[in-house]
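Residues per chain are reported as follows:
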Amino acid sequence: MLDIKRIRENFEEVAEGLRRRGAPAELAERARDLDVERRTLVTRADELKTQRNARSKEIGALKKAGQDTTAVQAEVRAIGDEITALDTRLRELEEAVEKAMLMIPNVPCKSIPTGPDASANRVAKVAGAAPAFGFKPLDHIALGERLGLFDLPRGAKITVSGFPLLLGPGAKLQRALIQYMLDMHTERHGYTEMLPPFVVNSASMRGTGQLPKMAEDMYHCPIDDLWLIPTAEVPVTNYFRDEILDRPLPIYLTAYTPCFRREAGSAGKETRGILRVHQFDKVEMVKFVAPETSYDELETLVTNAEDVLKGLGLHYRILELCSGDISFSAAKCYDIELWAPGQQAWLEVSSCSNFEDFQARRLNCRYRDADGKPRLVHTLNGSGVALPRLVIAILEQCQQADGSVLLPEAIRPYMRGVERLTPVAG
């Protein structure tokens, strides 16, 4: 959430940031106008309370002097009625301001490219060599079926389409990759591992910015008002909600969780295989840092995610997202994409974002600065990295002419020494 004071004092800056995003400046105008009305009524209510106190004292003086107080008492009652009406309206305005503020996205960092959509994203880095094949590479669907890695029809039978069922070596590969990433982030990058709940309450979803804007994309259990998490970012970042941190910054946390997304309105997008699914696994990294360090911490976060792909020897690229393509809560974001030769496409496996104090204000998450004054932290998060697109890239980049897949060396110890996935008999 933005600071209402920022909208009040720097409205044009906020409005320009929203325009860069392609969001209507009217979002900020509505919050500003409601805030003006609220502050005007607060001033009027304070004036009336002062008047009431003064007139109430007059009643005492008049009674002491033996004079009639009827008129003054009627005036005090009228003032009290007006104050009551103002208080009712103020409560309505406070709720309206809160709702309006929750619908305003973060202001993009001035340094990022300006553009309406992904076409304006900037390629910041390309790493690794694209695999060269002496044969026509297969896509992950054909490879997965040959290797016996998943059974999508039965997954759809059990639930619905978009909930993949992994089998045998496919399940083992997924588990191995999760362990590989957690070990890297905890042992090399200094993160503390968490295993958080996979369902959260509405306050947690609001805290990280999923609610109210993206409710239709999430799975909700209305009886208990609980939500299946769309990413580990939600429970991990809410770990410190409504707290003043009692430990030094920065704080690094990492977690594996399944993720659940309805992605309402995604009809027509690529839904074949395991590319776009409603349940997927991911390892997430979350940082709580001091404001003055957050952009340096963002660069380190990207490097942490990048190390996962470097260690696997995969071909990838890093994009700096433009103003029209960053998420609702982000001020700046990098996407990391893996090359999928079977589809001739880049697949996003990580988004690394700096939210500045946008989430922390919703979360009421603070730390004490050098003077002991409570200040909002800056929060960051990044996928480190997401599955199953990592599996897709490994299958398609590491496939061999005989239909097998030669596993990256870094993952083999987690596969109990298995070096190659081979087609199943029959």
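A short tour of the structure in this document, coming up. This is a predicted model, so every value here is computed, not measured.

1. What about the sheet that holds strand 5 (residues 226–228)?
Part 1 of the reasoning: Spatially, three strands are ordered 3-5-4 in an open sheet, and the strand pairing comes out antiparallel. With partners counted over all chains shown, the strands left at the sheet margins are strand 3 (199–201) and strand 4 (220–221), one partner each.
Part 2 of the reasoning: When strand 4 meets strand 5, the two strands line up antiparallel, connected through two bridges. The residue of strand 5 that forms the bridge with H220 is W227.

2. Side note on the sheet that holds strand 6 (residues 243–244)
Part 1 of the reasoning: One open sheet accounts for three strands, arranged 6-12-13; its pairing is mixed. The sheet terminates laterally at strand 6 and strand 13 (374–376), the two strands that pair on one side only.

3. Let's talk about the nonpolar core
Part 1 of the reasoning: Counting residues in each nonpolar core, the largest one holds 52 residues, and the members touching the most others are L177, M181, L309, L312, L390, I411 and L421.
Part 2 of the reasoning: Per element, the largest residue contribution to this core is eight residues, and it comes from helix 7 (residues 168–187).
Part 3 of the reasoning: Setting aside residues up to four positions removed in sequence, L309 forms contacts with L314, Y316, I336, L338, V349, V385 and L390.
Part 4 of the reasoning: A15, L18, I79 and F328 belong to the second largest nonpolar core, which has 29 residues in total.

4. Focus on the packing of helix 2 (residues 11–21) against helix 3 (residues 26–64)
A pair of packed helices is captured by two measures, namely the crossing angle of their axes and the spacing between those axes.
Part 1 of the reasoning: With their axes 9 Å apart at the nearest point, helix 2 and helix 3 run at an angle of 150° to one another. By the angle between their axes, helix 2 is roughly antiparallel relative to helix 3. Counting all contacts with helix 2, which are made through F11, V14 and L18, the residues of helix 3 involved are L27, A28, E29 and R32.
Part 2 of the reasoning: Of the residues assigned to the contact of helix 2 with helix 3, the class counts are five nonpolar, no polar and two charged.

5. Quick word on the pattern of salt bridges
Part 1 of the reasoning: A full pass over the atoms with the stated rule returns 24 salt bridges.
Part 2 of the reasoning: Of the charged contacts, one joins E58 and R55 as a salt bridge, the two residues approaching to 2.2 Å between their closest N and O atoms. Of the two residues, E58 and R55 are both situated in helix 3; the distance of three residues between them amounts to about one turn of the helix.
Part 3 of the reasoning: A residue is classified by how much of its surface remains accessible, and E58, at 32% relative accessible area, is partly exposed.

6. Some points on the pairing of strand 9 (residues 316–320)
Part 1 of the reasoning: Within strand 9, five of the five residues are buried, leaving the element largely enclosed by the surrounding structure.
Part 2 of the reasoning: The alternating pattern of strand 9 places Y316, I318 and E320 and R317 and L319 on opposite faces, both of which are buried.
Part 3 of the reasoning: As paired elements, strand 1 (residues 122–127) and strand 9 share five bridges and run antiparallel to each other. Within the sheet, the bridge partner assigned to K125 lies in strand 9 and is I318.

7. Quick look at the pairing of strand 12 (residues 365–368)
Part 1 of the reasoning: Residue alternation in strand 12 divides its side chains into a buried set, C365 and Y367, and an unburied set, R366 and R368.
Part 2 of the reasoning: Bridge analysis of strand 6 against strand 12 gives two bridges, and the strand direction is parallel. Counterpart to I244 in the pairing with strand 12 is R366.
Part 3 of the reasoning: Of the pairings in the sheet, the one linking strand 12 to strand 13 comprises three bridges and is antiparallel in character. Within strand 13, the residue paired with R368 across the bridge is P374.
Part 4 of the reasoning: Linking two consecutive strands that pair antiparallel, namely strand 12 and strand 13, is a turn of five residues; a positive phi of about 80° is found at G372 within it.

8. Comments concerning helix 5 (residues 140–147)
Part 1 of the reasoning: All buried positions along helix 5 are accounted for by H140, I141, L143, G144 and L147. Down the axis of helix 5, the buried side of the element spans an arc of 165°, and every buried residue falls inside it.
Part 2 of the reasoning: In the core, the buried residues of helix 5 are packed alongside helix 7, helix 12 (389–397), strand 15 (405–406) and strand 16 (420–421).
Part 3 of the reasoning: The backbone nitrogen of I141 has a side-chain oxygen 3.1 Å away, supplied by the residue at the start of helix 5, namely D139.
Part 4 of the reasoning: Within two residues after helix 5, G148 carries a phi angle of roughly 65°, on the positive side.

9. Considering unusual backbone geometry
Part 1 of the reasoning: The omega torsion across L249 and P250 is 0°, close enough to zero to call that bond cis.
Part 2 of the reasoning: As for its position among the elements, P250 is in the loop between strand 6 and strand 7 (251–260).
Part 3 of the reasoning: Not every positive phi belongs to a glycine, and D242 is a case in point at roughly 60°.
Part 4 of the reasoning: For D242, the location among the structural elements is in the loop between helix 9 (233–237) and strand 6.
Part 5 of the reasoning: Judged by relative accessible area, D242 falls into the exposed class, the value being 51%.

Basis of the calculations
Residues numbered from 1 in each chain as written. Predicted model: local features only at pLDDT ≥ 70, side-chain atom pairs only at ≥ 80, totals over all residues. Heavy atoms only, no water. Pairing = 2+ DSSP bridges. Helix = DSSP H or I, 4+ residues; strand = E, 2+ residues; numbered from the N terminus. Core = buried A, V, L, I, M, F, W, Y, C linked by side-chain atoms within 4.5 Å. Buried < 20%, exposed > 50% of the residue type's maximum accessible area, 1.4 Å probe, protein only. Contact = heavy atoms within 4.5 Å. Axes fitted to C-alpha atoms, helices over the stretch in contact; angles between N-to-C directions. Parallel < 35°, antiparallel > 145°, perpendicular 65-115°, else oblique. Nonpolar A, V, L, I, M, F, W, Y, C, P; charged D, E, K, R; others polar. Salt bridge = Lys/Arg side-chain N within 4 Å of Asp/Glu carboxyl O. Arc of directions from axis to C-beta. Polar contact = N/O pair within 3.5 Å; in protein donor to acceptor, adjacent residues only side chain to side chain.

Everything listed here is a matter of coordinates, which is why it stays silent on function.
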